[in-house]
Amino acid sequence: MPEVELHHVTATLSDGSQLATPWWRLGSGADGPDLLVLAAQHGNEVQGAEVIRRFMGECADRQLRGTAWLVPFANLPAIRHRRNSILLGPEEKGTERHRAHNMNGQWPGDPAGNDIQRLAHALHEDIVRHASHVIDLHCWNKFWATATLATDDGAESRRMGEVAGTRFTWWRAAAPVEPPAQVRDVVMARGGSGMAMEFAGQYAMVEREVLTGVRAVTNVAKMLGMLAGEPELPPDTGIDVTEDTTVVVAAPCSGLFVQTPDLQLEDCVEAGQSLGHIIREDDLAIEEIVAPVGGWLWRFGSHRPDPDVSLGDQHPYSQPGDPLASIVTG
Amino acid sequence: MALEATLDYAIATLTDGSQVRTPFWHMDSGRAGESFMVLAAQHGNEVQGCEVIRRFREVCAQGLRAGEVFLVPFANLPAVRHRRSHISLGPEQPYGDDEGHNMNRTWPGDPEGNDTARVSHSLHEAVARHCSRCLDFHSWSRFTATATLARSDNEHSTAMARASAIRFINWRPGGGNPGGGTTIGAHFNNDPARGAITIELAPQWVIRPKEVAEGLCAATNCAKLFGMLDGEPEPLDGPYVEFGLDAEADEARLHKLEAPCAGLFMEAGLQTSDRVDEGQFLGHLIREDDLATVEFHAPVTGYLWNYGCFREHSDVGLPGQHPWADAGDLLASVREPQE
């Protein structure tokens, strides 16, 4: 069985201080893939850290081949700041300051750049450049279902996406990307393979999503021969999300949207099934909201553009046209 | 035959001359009895009570046999539309920065005051002044358990709290608010002939089935207590956990778990208000320095009063809800019931 090695990557920041990022390495002693799993490039997207902790246990118990490179806290400064990126202020998103410090656009990093570029560089030199495969764990807002972000390269990246076993898969075509870029693009640019995952819910740890993540990462490790056994694929997984197959349910009036109890993201709904109701603000009448088509709940709950930074945008008060749900057919 | 609810409006004229029309339902049994006001969303981000009121209306429609009910699901419509606690608040601004717009400090309102005081005045004139009992639904952060806030010096408030079937009762002494202003609860409870309680349904910004069911049970129980509905109040499963009257005794029965180091806290699938046994697993923390796993267990048998890693202003900003703990951050607290 492999030994669990604790290491630290040290980055020298612009003020001369040093940042130590802990990570695990598990080498089987047998040839095989170098699988990198990292989480929390964005400081508010932390569910993957628990996925990695549990996957580490899987590898420690039964890894057969290759080496696992596991980084649960890729961007410690942003985690400590408890926001997507360092320096962000209240409900700030999409600003130049955000773009400059968004770690997942900075790879392979820059030892003379800003603090996040320096951190990415240190991680790249010690870890990322050794990876033959990468799984990059993120989270998006709690109104969007967990999904695999897969690349169709006709080879191993495609197979990683196929075995992840999430309900939804978002495919993109393989295309050359100029650095600085996302971490999976950097690995793929030199012949490696990669995928990303988005778990539902930032600023939180949700057992259901963690279990989905552990299964996905374990499945990839099995597909690569690092762990024994076949990938476990639950029924109705890998549903392709496209504009053509997605139907949006919007609020018809102003009021408070109350979701149907026991209905949650990824659930199968039938045409005509109740999704909830709106208590109208003008006359307190009840507007029933039903599924216009059958399919799978891809998005659910009243929200506005920035629920990943603003509690106000998570408020169930809806205005006409606000999205209440999206259903993927097919 | 179901009793019809009449839709009516409290109309406030704001400082700019525009009007806010706050809708409410009125149901009159036609028989003598209490006049019961139930309101929600005085704070625009505390909306679970709105759905409670919708369902309570259905209960009353089927069974109101004495008195009358006034149901106000959106007490502070401007703040609901603003999607924050008060209309004056900006991004992540705490409740305390109210600039006089905390509705629950404005009762009985002021027709010449700021816009929030004008709305509360309109509600007072149209509803509150006609009522003898009041149930005021609020919400606080998800990290603190649902609780009843009641006045120990008002017999009606005391009886309502003990009928609420809400696990935690936080007794409040009489007198003014430390921050000034008058809550609607104080407005009622300062009159011995009237009575009120507040119920904080955890959390804000969402509507959850469990809390809605608890709120509906509390409203229904209060109406039964008043003889407005048939039957006896549904009892709480287990003991009430009461605090607020004896600081020393409260402290002795409150057991806190704090993070011994920085790291990421993963809850164990429990919820606030859950009963836990001494030694029960409450979660673990992944340390930031060496990635070691640190487990946490309940120090005593009791009920979860706080649960989850949080810090100040978790009720207005997402970073306050982040599960990343610094050393000393609270992860859970357990309250023991009285003997």
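Each value, and the rule that gives it
- Residues numbered from 1 in each chain as written.
- Chains lettered and ligands numbered in written order.
- Predicted model: local features only at pLDDT ≥ 70, side-chain atom pairs only at ≥ 80, totals over all residues.
- Helix = DSSP H or I, 4+ residues; strand = E, 2+ residues; numbered from the N terminus.
- Buried ≥ 20, exposed ≤ 12 C-beta atoms within 10 Å, placed from the backbone.
- Contact = placed C-beta atoms within 7 Å.
- Rg over C-alpha atoms; globule rule 2.2 N^0.38 Å.
- Domains from an automatic or database assignment.
- Nonpolar A, V, L, I, M, F, W, Y, C, P; charged D, E, K, R; others polar.
- Pairing = 2+ DSSP bridges.
- Axes fitted to C-alpha atoms, helices over the stretch in contact; angles between N-to-C directions.
- Parallel < 35°, antiparallel > 145°, perpendicular 65-115°, else oblique.
- Left-handed = near helix turned anticlockwise from the far one by under 90°.
- Right-handed = clockwise from strand over helix to strand, strands pointing away.
- Expected span 1.5 Å × (residues − 1).
- Core = buried A, V, L, I, M, F, W, Y, C linked by C-beta atoms within 7 Å.

When its secondary structure is counted, chain A shows 7 helices and 17 strands. Taken over the C-alpha atoms alone, chain A extends approximately 65 × 50 × 35 Å along its principal axes. In chain A, which comprises 330 residues, the share counted as buried stands at 53%. Pairs at least 24 residues apart make up 69% of the contacts formed inside chain A by residues separated by at least 6 positions.

Attention shifts here to the overall build of chain B. Along chain B, the regular secondary structure elements total 7 helices and 17 strands. Relative to the 2.2 N^0.38 estimate, which gives 20 Å for 339 residues, the radius of gyration of chain B is 21 Å and therefore close to what a compact globule would have. In terms of overall dimensions, chain B has a C-alpha envelope of 65 × 50 × 35 Å along the principal axes. Sorting the 339 residues of chain B into buried and exposed places 54% on the buried side. Partitioning the intrachain contacts of chain B with sequence separation of at least 6 by distance along the chain shows that 69% fall at a separation of at least 24.

Further remarks concern the domain arrangement of chain B. Residues and elements named next belong to chain B. In terms of domains, chain B is made up of domain 1 (6–243) and domain 2 (254–335). Contacts between the two partners involve 18 residues from domain 1 and, on the opposite side, 16 residues from domain 2. Along the lines of polarity and charge, the residues of the side of domain 1 that touches domain 2 split into 9 nonpolar, 6 polar and 3 charged.

Residues and elements named next belong to chain A. Along its sequence, chain A is organised into domain 1 (4–223) and domain 2 (242–328). On the side of domain 2, 15 residues touch domain 1, which itself brings 12 residues to the contact. Of the residues that constitute the side of domain 1 that touches domain 2, the class distribution is 6 nonpolar, 2 polar and 4 charged.

Attention shifts here to the sheet that holds strand β7 (residues 168–172) of chain B. Residue and element names in this part refer to chain B. Spatial strand order, β1-β2-β4-β3-β5-β8-β6-β7-β9: 9 strands in an open sheet with mixed pairing. Each having just a single partner strand, β1 (6–13) and β9 (241–243) make up the two edges of the open sheet. Sheet twist, expressed as the average angle between the axes of neighbouring strands with direction ignored, equals 20 degrees. Relative to strand β4 (residues 68–72), strand β3 (residues 35–40) runs parallel, the two sharing 5 bridges. Within the sheet, the bridge partner assigned to S35 lies in β4 and is E68. Across the sheet, helix α3 (residues 115–126) is in contact with β1, β2 (19–28) and β4; its angle to β1 comes to roughly 140 degrees. Contacts between helix α4 (residues 155–163) and the sheet are confined to β5 (133–138), β6 (147–151), β7 and β8 (195–200), with β8 contributing the most and set at about 40 degrees to the helix.

On to the sheet that holds strand β17 (residues 330–335) of chain B. All names here are of chain B. With antiparallel pairing, 4 strands are arranged side by side in an open sheet as β10-β17-β15-β12. A strand with exactly one partner marks an edge of an open sheet, and here the two such strands are β10 (254–258) and β12 (275–276). Pairing between strand β15 (residues 302–307) and β17: 4 bridges, direction antiparallel. Paired with L304 across the strands is V334, a residue of β17.

Here we come to the environment of L311 of chain A. Considering the arrangement of structural elements, one finds L311 of chain A in the loop between β15 (295–300) and β16 (317–318). Apart from residues lying up to four places away in sequence, L311 of chain A is in contact with W205, V316, G317 and L318 of chain B.

It is worth spelling out the packing of helix α1 (residues 47–62) of chain A against helix α7 (residues 207–223) of chain A at this point. Residues and elements named next belong to chain A. In contact at an axis separation of 9 Å, α1 and α7 are set at 50 degrees when each is read in the N-to-C sense. One finds that α1 runs oblique with respect to α7. Pair α1 / α7 crosses with right-handed handedness. Across the interface between the two elements, Q47, G48, E50, V51, R54, F55 and E58 from α1 touch E209, V210, G213, V214, V217 and T218 from α7.

To continue, consider the pairing of β3 of chain B. Counting buried positions over the 6 residues of β3 of chain B gives 6, a clear majority of the element. Of the two faces of β3 of chain B, the one holding S35, M37 and L39 of chain B and the one holding F36, V38 and A40 of chain B are both buried throughout.

Moving on: the pairing of strand β7 (residues 168–173) of chain A. Residue and element names in this part refer to chain A. Across 6 bridges, the pairing between strand β6 (residues 147–152) and β7 is parallel. Within the sheet, the bridge partner assigned to T148 lies in β7 and is T169. Between the parallel pair β6 and β7, the chain is carried across by helix α5 (residues 156–163), and the sense of this crossover is right-handed. Bridge count for β7 against strand β9 (residues 239–240) is 2 bridges, and the pairing is parallel. Bridging across to β9, F168 finds its partner in I239.

This next bit is on the packing of α5 of chain A against α7 of chain A. All names here are of chain A. Running from N to C, α5 and α7 point in directions that differ by 135 degrees, and their axes come no closer than 8 Å. Here α7 runs oblique to α5, going by the angle between their axes. Judged by the sense of rotation from one axis to the other, the crossing of α5 with α7 is right-handed. Residue-level inspection shows R159, M160 and V163 of α5 in contact with α7, the latter providing N219, V220 and M223. Classifying every residue of the contact of α5 with α7 by side-chain character gives 4 nonpolar, 1 polar and 1 charged.

Here we come to helix α1 (residues 48–63) of chain B. Note: α-helices contain 3.6 residues per turn, so residues at a spacing of three or four share the same orientation. Over its 16 residues, α1 of chain B extends 23 Å from the first C-alpha to the last, a length consistent with the 22 Å expected when each residue adds 1.5 Å. Among all positions of α1 of chain B, only Q48, G49, C50, E51, V52, I53, R54, F56, R57 and C60 of chain B are buried.

Our next topic: the nonpolar core. Grouped together as the largest cluster of nonpolar side chains are 182 residues, with contacts concentrated most on V37 of chain A together with V38 of chain B. Each residue touching V38 of chain B, except ones within four places of it in the same chain, is listed here: I53, F56, V69, L71, L135 and A219 of chain B.

A few words on the interface of chain B and chain A. Taken together, the 39 residues of chain B in the interface contact 36 residues of chain A. Of all the elements in the fold, those that place two or more residues in the side of chain B that touches chain A are β2, α1, α2 (77–82) and β11 (263–267) of chain B. Grouping the amino acids of the side of chain B that touches chain A by side-chain chemistry returns 23 nonpolar, 6 polar and 10 charged.

Next up on the list: helix α6 (residues 209–225) of chain B. All names here are of chain B. Compared with an ideal rise of 1.5 Å per residue, which puts 17 residues at 24 Å, α6 spans 24 Å between its outermost C-alpha atoms and is within 8% of the ideal. For α6, the complete set of buried residues consists of E211, V212, E214, G215, A218, A219, T220, N221, C222 and A223. In the core, the buried residues of α6 are packed alongside β3, α1, β5, α4 and β8. Positive backbone phi, approximately 75 degrees, marks G227, located one or two places after α6.

What follows covers unusual backbone geometry. Put simply, P179 of chain A and P180 of chain A share a cis peptide bond, and its omega is 0 degrees. Cis geometry is found at the peptide bond from A202 of chain B to P203 of chain B, where omega equals 0 degrees. For L87 of chain A, which is not glycine, the phi torsion reads 75 degrees and is therefore positive. With respect to the helices and strands, the residue L87 of chain A is situated in the loop between α2 (76–81) and α3 (96–100). Its 17 C-beta neighbours within 10 Å are what place L87 of chain A among the partly exposed residues.

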